[in-house]
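Structural features, examined
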Amino acid sequence: MDRETLVDAIKSGPVRVTMNDGAKFIIRGPEFAIVDEIAAHVLIEREDGKMKARILSLVTMTEIEHLEAA
């Protein structure tokens, strides 16, 4: 995945990112992510509703799915 593709997808609304190990992460919008040249620093909502910071490597991203805005 390249930086521009991910940033454009995040700007258009919430997305689900799939990693090469099968893990899936929802990025709600641009205010929940900082994307540099090698990684996305994102806030992910845990099952208990609390937010957690994760670093997702761009080279291990395999798919971006656009989700319906809530």
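Use the structure listed above.
Let me begin by describing the structure that accompanies this report. (Residues numbered from 1 in each chain as written. Predicted model: local features only at pLDDT ≥ 70, side-chain atom pairs only at ≥ 80, totals over all residues. Heavy atoms only, no water.)

So, on to a negative patch on the surface. On the surface, a cluster of negative charge is contributed by Asp2, Glu4, Asp8 and Glu37. Note that Asp2 resides in the segment before α1 (3–11). (Patch = residues over 30% accessible without salt bridge, like charges linked within 9 Å, V, L, I, M, F, W, Y side chains within 5 Å. Areas by Shrake-Rupley, 256 points an atom, 1.4 Å probe, with all protein chains shown as cover. Salt bridge = Lys/Arg side-chain N within 4 Å of Asp/Glu carboxyl O. Lys, Arg positive; Asp, Glu negative; His and termini not counted. Charge placed at Lys NZ, Arg CZ, Asp CG, Glu CD. Helix = DSSP H or I, 4+ residues; strand = E, 2+ residues; numbered from the N terminus.)

Close approach of charged atoms allows side chains of opposite charge to pair. Inspection of the entire model under this criterion finds 4 salt bridges. The salt bridge partner of Glu45 is Arg28, with a shortest N-O separation of 1.9 Å. Of this pair, Glu45 sits in strand β4 (residues 39–45) while Arg28 sits in the loop between β2 (24–27) and β3 (33–35), placing them 17 residues apart in sequence. Taking relative accessible area as the criterion, Glu45 reaches 42% and is therefore assigned partly exposed. Here Asp48 ties to Arg46 by a salt bridge, and the two come within 2.8 Å at their closest N and O atoms. The structure contains a network of salt bridges with shared partners spanning Arg16, Lys24 and Glu65. (Buried < 20%, exposed > 50% of the residue type's maximum accessible area, 1.4 Å probe, protein only.)

Function cannot be inferred from these measures alone, as they are strictly geometric.
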